Amino acid sequence: HYGQMEKTAFFHQTGDSDNYVDNLEYGVTEFVEVDGQTKVIGTGFLNRAMPFIRYDTGDTVEPIENPTMSKGLPETVRRFIGRSDDIIITPEGNRLPGVNFYTMMYKIPWVKMFQIIQEERDKVRVKIVPNTEWTDAMTGTTKKKLAERLCSMKIYIEEYSEITRSSSTGKMRCICNAVI
């Protein structure tokens with residue numbers, strides 16, 4: 001699936017295709033062409049107190065021309081370009097999507113930002129930008145939490161002062177997989 005913390009647009013895959021379909025109950029999604037890219041603009045239905053209206057997500061897509069749009073059917077997307085995360089593939093062949101790590105890492109108080117890089121099938125490098133002064137105890141606890149999800153993989157944690165964002169989108173890929 002695709003969505004944002006702001007809850008303005010949500011797309012999901014169906015059982016018959018790898019394409020993504022707009023979830024019309026979630027909000028109204030528009031595609032706007034800007035400088036040769038198709039941007040995702042969303043108006044969410046879920047936040048009644050402070051809704052985002054025509055919110056520019058900063059994400060870009062490769063839309064599919066949908067001849068049924070005139071019949072009120074949802075937008076369809078081949079892939080999301082502006083914010084794409086890879087998955088981690090364990091040595092056993094298990095596929096771990098980025099959401100497994102977002103939900104864990106945001107609960108660790110000393111982690112401000114992170115990026116997991118898989119360059120070999122049995123190991124990952126984890127870049128961490130800490131909120132506070134980094135200690136060995138923090139490394140050990142973070143490694144232990146990651147090991148619960150990564151099982152037999154070797155985990156190497158590296159401290160950084162910042163993680164580079166894309167110059168075109170301003171976003172950062174949290175999972176980078178060079179093994180696929």
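The sections below set out a description of the structure shown in this document. Keep in mind that this is a model prediction, so the values were computed, not measured. (Residues numbered from 1 in each chain as written. Predicted model: local features only at pLDDT ≥ 70, side-chain atom pairs only at ≥ 80, totals over all residues. Heavy atoms only, no water.)

Topic: the overall build of the protein
In terms of helices and strands, the protein carries two helices and 12 strands. When the helices and strands of the protein are listed from N to C terminus, the series reads β-β-β-β-β-β-β-β-α-β-β-α-β-β. Long-range pairs, those at least 24 residues apart, make up 50% of the contacts in the protein between residues at least 6 apart in sequence. When the accessible area of the protein is evaluated, it comes to approximately 10700 Å², of which 51% is carbon and sulfur surface. Where the 23 positive side-chain charges of the protein centre and where its 25 negative ones centre are 4 Å apart. (Helix = DSSP H or I, 4+ residues; strand = E, 2+ residues; numbered from the N terminus. Contact = heavy atoms within 4.5 Å. Areas by Shrake-Rupley, 256 points an atom, 1.4 Å probe, with all protein chains shown as cover. Lys, Arg positive; Asp, Glu negative; His and termini not counted. Charge placed at Lys NZ, Arg CZ, Asp CG, Glu CD.)

Things to note about the sheet that holds strand β3 (residues 27-34)
Taking strand neighbours across the sheet as the criterion, the six strands line up as β1-β2-β6-β5-β4-β3 in an open arrangement whose pairing is antiparallel. Every other strand in the sheet has two partners, leaving β1 (11-13) and β3 as the edge strands with one partner each. Ignoring strand direction, the axes of neighbouring strands in this sheet form an average angle of 50 degrees. Bridge count for β1 against strand β2 (residues 20-22) is three bridges, and the pairing is antiparallel. The partner of Gln13 across the bridge, within β2, is Tyr20. (Pairing = 2+ DSSP bridges. Axes fitted to C-alpha atoms, helices over the stretch in contact; angles between N-to-C directions.)

Remarks on the nonpolar core
Grouped together as the largest cluster of nonpolar side chains are 26 residues, with contacts concentrated most on Ile88, Phe101, Met105, Ile116, Val126, Leu146 and Leu150. Going through the elements one at a time, α1 (99-105), β9 (111-120), β10 (123-130), α2 (136-150) and β11 (154-159) are the ones with two or more residues in this core. One finds Ala9, Phe11, Tyr20 and Val61 within the second-largest nonpolar core, a separate group that totals eight residues. (Core = buried A, V, L, I, M, F, W, Y, C linked by side-chain atoms within 4.5 Å. Buried < 20%, exposed > 50% of the residue type's maximum accessible area, 1.4 Å probe, protein only.)

Some words on the sheet that holds β10
The mixed open sheet is built from four strands, whose spatial order is β11-β10-β9-β12. Pairing within the sheet leaves two strands with one partner each, and these edge strands are β11 and β12 (175-177). Neighbour-to-neighbour, the strand axes of the sheet open up by a mean angle of 20 degrees, direction not taken into account. In the sheet, β9 pairs with β10 via seven bridges, with the strands oriented antiparallel. Along β10, the bridge assignment pairs Met113 with Val129. Across the sheet, α2 touches β9, β10 and β11, and the angle it forms with β11 is around 140 degrees.

Structural notes on α2
Between its first and last C-alpha, α2 extends 20 Å over 15 residues, near the 21 Å set by a 1.5 Å rise per residue. What α2 keeps buried is the set Met138, Thr139, Thr142, Leu146 and Leu150. In a view along the axis of α2, the buried residues occupy a sector of 95 degrees, so they form one face of it. Exposed and oriented more than 90 degrees from the buried face of α2 are Asp136, Ala137, Lys144 and Glu148. Summarising the contacts, the buried residues of α2 are in contact with β7 (88-89), β8 (95-96), α1, β9, β10 and β11. Backbone geometry just after α2 places Cys151 at a positive phi near 55 degrees. (Expected span 1.5 Å × (residues − 1). Arc of directions from axis to C-beta.)

Let's talk about the pairing of strand β6 (residues 76-80)
Pairing geometry for β2 and β6, over two bridges, is antiparallel. Its bridge partner lying in β6, Val21 is registered against Thr76.

As for a nonpolar patch on the surface
A contiguous nonpolar patch, built from Val28, Phe45 and Leu46 and spanning about 270 Å² of accessible area, is present on the exposed surface. Along the chain, the position of Val28 falls in strand β3. (Patch = residues over 30% accessible without salt bridge, like charges linked within 9 Å, V, L, I, M, F, W, Y side chains within 5 Å. Salt bridge = Lys/Arg side-chain N within 4 Å of Asp/Glu carboxyl O.)

A look at the environment of Glu25
Turning to its location among the elements, Glu25 is positioned in the loop between β2 and β3. When the C-alpha atoms of Glu25 and Phe45 are compared, they prove to be 7.6 Å apart, with 20 residues separating the residues in sequence.

Brief notes about the pattern of salt bridges
Throughout the structure, instances matching the rule amount to eight salt bridges. A salt bridge links Glu30 to Arg54, with the nearest nitrogen and oxygen atoms 2.8 Å apart. In this pair, Glu30 is assigned in strand β3 and Arg54 in the loop between β4 (37-44) and β5 (55-63), connecting sequence segments 24 residues apart. Residue Glu30 is classed as partly exposed on the basis of its relative accessible area of 25%. In this structure, the salt-bridge partner of Glu120 is Lys123, at a minimum N-O distance of 3.5 Å. You can call Glu120 partly exposed: its relative accessible area is 39%. You can call Lys123 partly exposed: its relative accessible area is 26%. The structure contains a network of salt bridges with shared partners spanning Glu62, Arg78 and Arg79.

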